[in-house]
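Fold and geometry: a report
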Amino acid sequence: MSEPGDALRSPRPRRPLFQKYFLVLFAAVVVPLLVNGASEAWFGYRDQQTSLGQRLHVEAVSAGGKIRGFLEDITDQLQWTVQLPWVSGSEDQHRLDVLRLMRQVPAIVEITLVDGDDIERLHVSRVDPDVINSGIDRRADPAVQDARTAHVWYGPATFYQGSEPHMQIAVAGTRKANGVTIAVINLKLIWDVVSAIHVGRSGDAFVLDKAGRLVAHPDISLVLRGADDPAAGRLKSLLQAMTAGGGEFTAGRNAEDASVIAAMATIPGPNWAAFVEEPQAEAFAPIRASLWRTGFLLLAGALFAAGLGFLLARRMTGPIRVLERGAAQIGAGNFDHKIEISTGDELQRLAQRFNEMAAGLAESRERSERIARLKQFLSPQVAEIVEGSDREALLDSHRTEVVVLFCDLRGFTSFAGAAEPDAVMGLLQEYYEALGVIITRYEATLTCFMADGLMLLLNAPVPCPDPAERGLRMALDMQASVQGMIAGWRARGHAIGFGVGLAKGPATVGRIGYEGRSDYTAIGNVVNLAARMCAAAEDGQVLIDAVAAAEIGDAFGLISLGTRTLRGFSEPVPVFSVAPQEDSAAPADLLLVAKPVLGD
Amino acid sequence: MTFHRRTFIAAAAAFALPAKLAFAQLDKVYRVGLVFAGAPDTGILGPGMVSNFTKRGYVVGQNIVFERRAAQGKVDRLPELVDELVAAHVDVIITSGYPTALAAKQRAGETPVVVTNSGDPVATHLVESLAHPGGNITGVSEVATELSAKRLALLKEAVPSVHSVAVLWNADDLGMTLRYQAAETEAKRAGMLIVPLGVHAPDDFDTAFAEMTKTPPDAIMMVTDSLTILNRKRVMQYADEHRLPAIYEFASLVHDGGLMAYGPDIGEIYDRAAGLAGRILRGAKPGDLPLELPTRFQFAINLKTAKAIDLKIPESIILQADDVIE
C-alpha cells in the first residue's frame, strides 16, 4: 500500500472511502437480489404448498374413488338379488342367484334376503350352514329400514373379535315386494385396492370409518390390531386435524409414527375418509429444493456483488490513493513527483492540476530562493528588478562606472576589546539597523561588511541617475544617523566616531563566490581609493574623490581639502568634503585608528 | 432430458427397492424352520410354502434356508423336532396343526412362531386374542370350527338322504376335537346323527372302519389334520368300497380322490403365513402381528368319485363348487 518514501503517511481513515464505496455497490446489487429472492422464495413456497395441496387432494379423491368403486361394484352385484319379487317357492331360485353372486364377489361373507314384508327368507353364508325361511322379522333392522328409503345402506364397520373388519351393505329393490338384500362384506379385501394406491415415491393410502377407526391400510396388521392400538390413535388424530383444519392437507404422524403430509377425501355412502399420506420429507422435497435453489442463487449473487463492489471500489479509490500519495510527496517538497493517473475522467484531470500546481510551486520556490540570494547584497527593490530582469543578466561581470562608498566606526576595536560581548553586539545591531534603512532607501548595493565596516556600490548592478550625488546624500544621511547614536554612546563613555569615504570611477563588477554562497562585488582602483578616503576621514567627515566631486558640482557646497597622500597611491590625491554644518570637535587621535583595507 | 429422466428413475428405483425388499441385506441368510406332524414334502413342507418366499424376492440357498422337520404322524416327536429347529438357530418357525403349534409354543422359547392349520388359536389358548396375540406367536387362524357345520350342511345338500354321519378326527388334537364338537352341535340342530370315530394313531383307523362296517353310516366326514391326511387313502378307499359319500376339509384331498371338500384356501393360508414370517424376518415382533383369518374358501367336488359311487350331485352343489373334477 504505502511506499517507503511516503514520509507523510497519515493514519487510516475511520471510515475509508473504499469501505463506503464497497458497501454501497454491494448493497446496490444485493438488496434487490435479496428482495427478489425472498419474494420468489415466499411465492414459490406458497405455490408449491398450493400445488402440493392440490396434488394430494387429487390423490385423495382418486383413492376415495377407487374405494368407492370397490363398494359400488358390490352394491351393483347385490342389486341383482332384488330384481324379482318374492313369491312362495322362489327361495331356491333366489338361493341360486345368491350362490352365483357369492362366487363372483369373494368379499361377501354372507347374504341375507328379506322379503317385501321384512321377513327373513334366505341366509347364505360361507361359514355357516345356509338357512331358508327362518321367518325372522327384520322390520326393526336399520339395514332394512334405511335401505328401503335410500335404496343402498352402508352399515358401520364392525370388527370380528375386535380384529377382522366387516361391514353390512343393504340394497332394496325398486318395489317393496322385491325385498331387501343385506350382505356382510369382509373389508380385508379392500387391501387389494388400497395397497395398489401409491402416492408420490413412497406415499400410500388408507381408509378410516366415520368413527376414525382404520378400515383399510396397505399394512393389514394395522387394521387387525384394533382401535386400542397407538397407530390407530395417531390416524384418528390425523382425521381430527383434517376435519378441524379444513385445509387441503395436514401434517401429522402416520401409523408408523413417521411425519407425513396427509390429504383426505370423503367416501360418500359409508361416509368413510380416504386418506393419502406422503412422507413430509418427500412431500416438501420440491419446496426444499426450490428454497435451496433460491439460497444458492442469493449466495452466488452476493459473491458476485462482493466481487463487483470490490473491483469498482478499488477502481474508484485507487486513483484517489495515488493522488493522496502524490499530494503528500508534493507537500514534502518533492515537486518533481508526477502523479500518474490515466482513468480518462475527472480524477485524471485532478491529477493534471496537481502536477501543474507542483510545477508552479517549484518555479515559485526557485524564484524566491533567487530573490533571497540577491537580497544578500541588493536592496529588496533592486533585487526585485534584477530578478524580474532577463535572467540576472545585470549581474554578469562587466566594466562600468561605479560610485563606491566605504564607512566605518572609529575607536570600535578598542571598545570591542574592553566592552562586554552583549554591549558590542547590541551596539553593532543598532548601528546596522540604522544604516540598513538608509542603504535600502538609496537602493545601494552592499558588497560586503566586516565588523563595523561597510562597502556599498551605486550604479551597479542597476544604473541610477547621478550616482555620485546619490552616494553623497546617502553618506550624509548615514553620518547624521550614526552621529545621533554616537552622542548616546559617548554619553555612556564609549569614545566612538564614524567616517565615510566616497569615490567614483570605472570598476569591474560581477558575482564572485561558489554555489550557494556568492557575493556581488566591484574590483578596481576606485574601490581602493574609496577605502583610503574612508580611512582618512575624520569622525563625522565624508571624504570625496575628485571624480565624484566633479560630478556633484556645487550642489552641496563641496570644499577641497587639498591633497592627501594615501597608502597605495604614489601621487597625492585631491580630497573633497562637505562643508561642515556645525563645528564638530572630533578628537584628532580618533582618526589614527588602524583600518583594514577593504577591496584589496 | 432423457438422460436425466433415466437417472432420476434409476435413483427413484434405487430408493424404492429397499422399501419393497427391506430384507435386502444379502449377506444375511435367514433360516426358516418348517415343522409338520405329517409326511415329508406334504402340507407346509411341500413346494407351496417355499414358492411363497421366492415370490417375495428370497432366493433359496442365497438369503434363505429352510429347515424341514416332519413327525410322520408321530405327534410325540414334535417337541423334539422343535428343539432341533431351535438348535439350528432358525429365525422363525412355521408350524402346521395344533399339536405342532402347541409344541412350538412350549419349546421354541425366544424363536418366533407362525402357526397355520391349528384350528381356532384363540379357542385353544395358543394366543390371547386375534388382534394382540402376545408372546412369540402369530399366524393364520381358521374359521375351521364353524366350518364343520357348513360341511355337514353341504353333505346334506349333496346327498339329502344322509342322516347319520361318521366323523373321523384326531382325538388327540384339541383343534380337531373342537371341530368335531361343532359338527355334533349342528347335527343336533339339523336333526342328524353323528357317529364319533375319534382316532389317536394310524392303527385306530382299522377300529374306526370296523365300527362303520358294524353300524354303517350314511356318510363320512373326515376332520383333516396330519394324522388323518396320512391315512386319507385308506379312508377314501373305505368310502369308495362302501359307496359312502364323504366330505373333507381341503381341496387337495378331492384331487386325491375324495368326493367333496370345503375349507379355507390352503394356498392363501400359506401365503399369509409366509407374509407374516417375512415381516418377522424384517424385525417385527410376532406378538404385535395380529392373527389373520382366511378370506377365501374353496369348495371342491370330484364328479369321478361321485360317479364311482353312483351319486347324482344336485345342480346347486355344482354351482357352489370352485373346483370341479370331472
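What counts and how
- Residues numbered from 1 in each chain as written.
- Chains lettered and ligands numbered in written order.
- Predicted model: local features only at pLDDT ≥ 70, side-chain atom pairs only at ≥ 80, totals over all residues.
- Heavy atoms only, no water.
- Core = buried A, V, L, I, M, F, W, Y, C linked by side-chain atoms within 4.5 Å.
- Buried < 20%, exposed > 50% of the residue type's maximum accessible area, 1.4 Å probe, protein only.
- Helix = DSSP H or I, 4+ residues; strand = E, 2+ residues; numbered from the N terminus.
- Contact = heavy atoms within 4.5 Å.
- Phe/Tyr/Trp six-rings, centres within 6.5 Å; stacked < 30°, edge-to-face > 60°.
- Lys NZ or Arg CZ within 6 Å of the ring centre and 35° of its normal.
- Salt bridge = Lys/Arg side-chain N within 4 Å of Asp/Glu carboxyl O.
- Expected span 1.5 Å × (residues − 1).
- Polar contact = N/O pair within 3.5 Å; in protein donor to acceptor, adjacent residues only side chain to side chain.
- Nonpolar A, V, L, I, M, F, W, Y, C, P; charged D, E, K, R; others polar.
- Axes fitted to C-alpha atoms, helices over the stretch in contact; angles between N-to-C directions.
- Parallel < 35°, antiparallel > 145°, perpendicular 65-115°, else oblique.
- Left-handed = near helix turned anticlockwise from the far one by under 90°.
- pLDDT = per-residue confidence, 0-100.
- Pairing = 2+ DSSP bridges.
- Disulfide = S-S within 2.5 Å.

The next point concerns the nonpolar core. Residues and elements named next belong to chain A. Ile74, Leu78, Ile108, Ile111, Ile169, Ile190 and Trp272 are the most contacted members of the largest nonpolar core, which totals 52 residues. With nine residues, helix α1 (residues 17-79) is the largest single contributor of residues to this core. Excluding residues within four positions of it along the chain, Ile108 makes contact with Ile74, Leu78, Leu101, Met102, Arg126, Ala183, Val184 and Ile185. With 40 residues, the next largest nonpolar core counts Cys407, Ala434, Ile496 and Ala549 among its residues.

All right, on to the packing of aromatic side chains then. This structure, assessed with the given rule, holds 17 aromatic pairs over all chains. In this arrangement the basic side chain of Arg213 of chain A is found over the ring face of Phe159 of chain A, its NZ or CZ atom lying 3.3 Å from the centre.

Among all positions of helix α4 (residues 98-107) of chain B, only Tyr98, Pro99, Thr100, Ala101, Ala103 and Ala104 of chain B are buried. Note on α4 of chain B: the residue one or two positions beyond its end, Gly109 of chain B, has a positive phi of about 65°.

What follows concerns the pattern of salt bridges. In a structure, side chains of opposite charge can pair up when their charged atoms sit close to one another. Counted under the stated rule, the structure contains 41 salt bridges over all chains. Ionic pairing is found between Arg225 of chain A and Asp229 of chain A, a salt bridge with its closest N-O pair at 3.7 Å. By relative accessible area, which is 9% here, Asp229 of chain A ends up buried. One salt bridge in this structure joins Lys55 of chain B and Asp271 of chain B, with 2.7 Å as the shortest N-O distance. Separated by 216 residues along the polypeptide, Lys55 of chain B in the loop between α2 (47-54) and β2 (64-70) and Asp271 of chain B in helix α11 (residues 266-281) bring together distant segments of the chain.

Residues and elements named next belong to chain A. Taking 1.5 Å as the rise per residue, helix α12 (residues 421-441) with 21 residues should run 30 Å; its terminal C-alpha atoms sit 30 Å apart, in good agreement. Buried residues in α12 make contact with β12 (398-410), α11 (412-418), β14 (453-458), α13 (467-491) and β15 (497-514). The first or second residue beyond α12 is Glu443, which carries a positive phi of 55°.

Further remarks concern the interface of chain A and chain B. If you look at the interface, chain A gives 30 residues, while chain B gives 33 residues. Taken together, chain A and chain B are joined by four salt bridges. A salt bridge links Arg95 of chain A to Glu157 of chain B, with the nearest nitrogen and oxygen atoms 2.7 Å apart. The tally of links from chain A across to chain B stands at 14 residue pairs in polar contact (both at pLDDT 80 or more). Where the side of chain A that touches chain B is concerned, the elements lending two or more residues are α2 (91-104) and α5 (220-224) of chain A. Looking at the side of chain A that touches chain B element by element, the count peaks at five residues for α2 of chain A. Here the residues of the side of chain A that touches chain B sort into nine nonpolar, seven polar and 14 charged.

Here we take up the packing of α1 of chain A against helix α8 (residues 285-331) of chain A. Residues and elements named next belong to chain A. Orientation of α1 relative to α8, taken along the N-to-C sense of each, is 165°, at an axis distance of 7 Å. Classified by the angle between their axes, α1 and α8 sit roughly antiparallel to one another. Crossing geometry of α1 relative to α8 is assigned as right-handed. In the contact of α1 with α8, the residues fall into 26 nonpolar, eight polar and two charged.

Here we take up the confidence of the model for chain B. All names here are of chain B. When pLDDT is averaged along chain B, the result is 87, and 91% of the positions lie at 70 or above. Per-element averaging of pLDDT across chain B places helix α1 (residues 2-20) at the bottom with 38 and strand β8 (residues 219-222) at the top with 96. Confidence drops under pLDDT 50 across residues 1-24; counting only partners more than four residues distant or on other chains, this segment forms eleven contacts.

Now for the packing of α2 of chain B against α11 of chain B. Residues and elements named next belong to chain B. At their nearest, the axes of α2 and α11 sit 9 Å apart, and the two run at 45° to each other. Comparing the axis directions of α2 and α11 gives the class oblique. Remark: the crossing between α2 and α11 carries right-handed chirality. On the side of α2, the interface is formed by Met49, Asn52 and Phe53, while α11 contributes Gly267, Tyr270, Asp271, Ala273, Ala274 and Ala277. Grouping the constituent residues of the contact of α2 with α11 by class yields six nonpolar, two polar and one charged.

This part covers the side chain of Thr181 of chain A. Secondary-structure assignment places Thr181 of chain A in strand β6 (residues 180-186). Of the polar contacts made by the side chain of Thr181 of chain A, one reaches the side chain of Thr81 of chain A; its length is 2.6 Å.

Before going further, it helps to examine the sheet that holds strand β9 (residues 246-248) of chain B. All names here are of chain B. Overall, mixed pairing links the seven strands, which are arranged β7-β6-β8-β9-β10-β11-β12 in an open sheet. The sheet is open, and its two borders are formed by β7 (193-199) and β12 (323-325), each paired with just one other strand. Neighbour-to-neighbour, the strand axes of this sheet turn through a mean angle of 15°, independent of strand direction. Along the sheet, helix α6 (residues 174-190) contacts β6 (164-170), β7 and β8; its crossing angle with β6, the most-contacted strand, is approximately 165°.

Residues and elements named next belong to chain A. Position of Phe415 relative to the elements: it lies in helix α11. Judged by its relative accessible area of 7%, Phe415 falls in the buried class. For the pair formed by Phe415 and Ala495, sequence separation is 80 residues and the distance between their alpha carbons is 7.7 Å. If sequence neighbours within four positions are ignored, Phe415 has contacts with Ala423, Val424, Leu427, His494 and Ile496.

This brings us to the state of the cysteines. Residues and elements named next belong to chain A. Scanning the entire structure with this criterion turns up zero disulfides over all chains. With no disulfide of its own, Cys407 lies closest to Cys534 among cysteine sulfurs, the gap being 6.3 Å. Residue class for Cys407 comes out buried when judged on its relative accessible area of 1%.

Before going further, it helps to examine the sheet that holds strand β7 (residues 204-208) of chain A. Residue and element names in this part refer to chain A. One open sheet holds the five strands; their spatial order is β8-β7-β11-β10-β9, and the pairing between them is antiparallel. Sheet topology places β8 (214-216) and β9 (250-253) at the edges, where each strand pairs with a single neighbour. Within this sheet the neighbouring strands show an average axis-to-axis angle of 45°, counted without direction. Taken together, the eight bridges between strand β10 (residues 259-267) and strand β11 (residues 272-279) define a ladder with antiparallel strand orientation. When the sheet's bridge partners are listed, Ala262 is paired in β11 with Glu277. In this fold helix α6 (residues 230-245) packs onto β7, β8, β9, β10 and β11, with an angle of close to 165° to the strand it touches most, β9.

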